[in-house]
Amino acid sequence: MTSTPHELHSSLDLDEVSLHWTEAGAGRPIVLLHGLNDSHRTWRDIWPLLPGRRVLMLDLPGHGMSSRPDAPYTLDWNATQVARWMEQLDLRDADVVGHSYGGGVAQWLLLKCRSRIRRLGLLASVGLGREVYPWLRLASVPLLVERFGQPCMGRIAGFFMARATTIDAETEIALLASYLRRPGSARAFSRTVRDVIGLRGQTRNIFDRIDDIAELPAMRLFWGTRDTIVPISQGAAIGRLLENCELVRFENHGHFVHWEDPEGFAHALRAFLDASDVPAARLRHPRRARPRLAA
C-alpha cells in the first residue's frame, strides 16, 4: 500500500483477480465505478468536490491497475468481484455511482449485495436500453479484438474517447493508452463487450432481473444531451418507467459529463446524496409486467 499526496492507492487479491483502487477522505463511503476502457483516473476532478466522504475509486477487473486474468468478464462476473471487494472492505450503507459500463456493474450489484447500497447514481449508464455506439457493436464480433486487438488497444481508446467527449483530453487519453497496453487488456475488453453488446445493440438489461431485487434503492440518472455513445433517450425512457427516479440533464455535454463539467456534475450528485429524505425508486408497472424498452 503506497500513498500520493492526496490519494491512497491500495490493492486486494481476491484469488480470481487482484483489484486496485484509490481512496480519499473520510465519512460515508461512496464507490465510483468507471466505464469501459477507463480507469479510476476518470474521477480525478470529482473526488475533491465530495467533502465529508470516504471516496473509493475502483479499477474494474481488466482495467487500469487491476489485474487481467483469463476470466469470463461477464457483467455478472464483474459485479461478483466488486461485491466481494465491498464485502472484504466491509463497506456498509454505501452510495454507488457508475458511469457507462460501470453503471451496468452498479445495477448488477443490486443482485449481489443490495443490503450494502444506500443510493445509486447512474451516469450515462448502459443496461437501460438497446442503442449503443455502432463501433462497439463491431467490437462484439467473436474473437476479433481478443485475437488481434492487443497491439491496437491504445489507439482504440483514443478513437473512442475522442468521439465521446466535447473537451480536449489528450493527456488523460495517453495515460489510458498506457494502461491498455498491458497484456490481457484486449481479452478483457473483448469479453466484456461480447457479454453486453451484440450486432443489434445492448443485450443486458436490469429489468430482465428486476423481480430478483426485493426493493430498489433511491436512484438518480445523470446524462449529457449530446451523448453519442449511450443516448439520453434511454435515460428519459427509464425516468418514465420508474417513480422517484429523476433524470438530470447536462445540456451540450457528451458521454463524459464528469470530465466536461465536473463542478456541475458534483453539485448535482451531492444534491442527490446529501438530501435528507429521498424515496426509493419503484416500477410504475406491476412487477409481473416487465417494461419493454425501445430499441
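Above this text sits the structure in question.
Residues numbered from 1 in each chain as written. Predicted model: local features only at pLDDT ≥ 70, side-chain atom pairs only at ≥ 80, totals over all residues. Heavy atoms only, no water.

1. Some words on the overall build of the protein
No. 1: On a plain count of helices and strands, the protein comes out with 10 helices and 13 strands.
No. 2: Residues counted as buried form 59% of the 295 residues belonging to the protein.
No. 3: Taking all contacts inside the protein whose residues are at least 6 apart in sequence as the whole, residues at least 24 apart take part in 78%.
No. 4: Counting every atom, the protein has about 12,500 Å² of accessible surface; 50% of that belongs to carbon and sulfur. (Helix = DSSP H or I, 4+ residues; strand = E, 2+ residues; numbered from the N terminus. Buried < 20%, exposed > 50% of the residue type's maximum accessible area, 1.4 Å probe, protein only. Contact = heavy atoms within 4.5 Å. Areas by Shrake-Rupley, 256 points an atom, 1.4 Å probe, with all protein chains shown as cover.)

2. Notes on the side chain of Gln 234
No. 1: By secondary structure assignment, the location of Gln 234 is in helix 8 (residues 232-241).
No. 2: You can call Gln 234 buried: its relative accessible area is 6%.
No. 3: When sequence neighbours within four positions are dropped, the list of residues in contact with Gln 234 reads Leu 128, Gly 129, Arg 130, Glu 131, Gln 202 and Trp 223.

3. Regarding the side chain of Thr 22
No. 1: Among the secondary structure elements, Thr 22 is positioned in strand 3 (residues 18-24).
No. 2: A relative accessible area of 0% places Thr 22 in the buried class.
No. 3: With residues near it in sequence (within four places) discarded, Thr 22 still touches Glu 7, Leu 8, His 9, His 40, Val 55, Leu 56 and Met 57.

4. Side note on empty space enclosed by the protein
No. 1: Scanning all chains against the criterion turns up 4 cavities of 30 Å³ or more.
No. 2: Quantified by volume, the second largest cavity comes out at close to 80 Å³.
No. 3: Contributing elements (two or more residues each) for the lining of the second largest cavity: helix 2 (101-112) and strand 10 (218-224).
No. 4: Of the residues contributing to the lining of the second largest cavity, the split by class is 11 nonpolar, 1 polar and no charged. (1 Å grid on protein atoms, 1.4 Å probe; cavity = no way out; pocket = protein on both sides within 12 Å on 5 of 7 lines; lining within 4 Å. Points joined across faces, edges and corners; volume = space filled by probe spheres on them. Nonpolar A, V, L, I, M, F, W, Y, C, P; charged D, E, K, R; others polar.)

5. Points about the packing of helix 1 (residues 75-88) against helix 2
No. 1: One can describe the packing of helix 1 onto helix 2 by two numbers: an axis separation of 8 Å at closest approach and a directional angle of 70°. When the interaxial angle is binned, helix 1 and helix 2 end up roughly perpendicular. Helix-helix and strand crossings are classified by hand; for helix 1 and helix 2 the assignment is right-handed. Across from Leu 75, Asp 76, Asn 78, Ala 79, Thr 80, Val 82, Ala 83 and Met 86 in helix 1, the residues of helix 2 making contact are Tyr 101, Gly 104, Val 105, Trp 108, Leu 109 and Lys 112. (Axes fitted to C-alpha atoms, helices over the stretch in contact; angles between N-to-C directions. Parallel < 35°, antiparallel > 145°, perpendicular 65-115°, else oblique. Left-handed = near helix turned anticlockwise from the far one by under 90°.)

6. A look at the environment of Trp 43
No. 1: Within the secondary structure, Trp 43 sits in the loop between strand 4 (28-33) and strand 5 (53-58).
No. 2: On the basis of relative accessibility, which here comes to 0%, the residue Trp 43 falls in the buried class.
No. 3: Sequence separation between Trp 43 and Pro 262 is 219 residues; the distance between their C-alpha atoms is 8.9 Å.
No. 4: Among all residues touching Trp 43, those that are not within four sequence positions of it are Leu 32, Leu 33, His 34, Met 57, Val 97, His 99, His 258 and Phe 265.

7. Points about the pairing of strand 3
No. 1: Among the 7 residues in strand 3, 6 count as buried, and that is most of the element.
No. 2: Sheet topology note: the strand 2 (residues 8-13)/strand 3 ladder contains 6 bridges and is antiparallel. Following the sheet pairing, Leu 12 is matched in strand 3 by Leu 19.
No. 3: If you look at the hairpin formed by strand 2 and strand 3, you'll find 4 residues sitting between the two strands, and Asp 15 has a positive phi there, around 75°.
No. 4: With 4 bridges connecting them, strand 3 and strand 5 associate as antiparallel partners. (Pairing = 2+ DSSP bridges.)

8. Some details on the packing of aromatic side chains
No. 1: For the coordinates displayed, the defined rule picks out 5 aromatic pairs.
No. 2: Aromatic pair Phe 222 and Phe 265: ring centres 5.4 Å apart, planes at 80°, arrangement edge-to-face. Residue Phe 222 is found in strand 10, and its partner Phe 265 is found in helix 10 (residues 262-274); the two are separated by 43 residues along the sequence.
No. 3: The exposure class assigned to Phe 222 is buried, which follows from its relative accessible area of 0%. (Phe/Tyr/Trp six-rings, centres within 6.5 Å; stacked < 30°, edge-to-face > 60°.)

9. Thoughts on the nonpolar core
No. 1: Counting 65 residues, the largest nonpolar core has Leu 33, Val 82, Trp 85, Met 86, Val 96 and Leu 109 as its most contacted members.
No. 2: Counting residues per element, this core draws most heavily on helix 1, at 7 residues.
No. 3: The residues contacting Val 96, other than those within four sequence positions of it, are Val 31, Leu 33, Met 86, Ala 106, Leu 109, Ile 117, Arg 119, Leu 120 and Gly 121.
No. 4: Membership of the second largest hydrophobic core comes to 22 residues, among which are Leu 50, Val 97, Val 257 and Phe 265. (Core = buried A, V, L, I, M, F, W, Y, C linked by side-chain atoms within 4.5 Å.)

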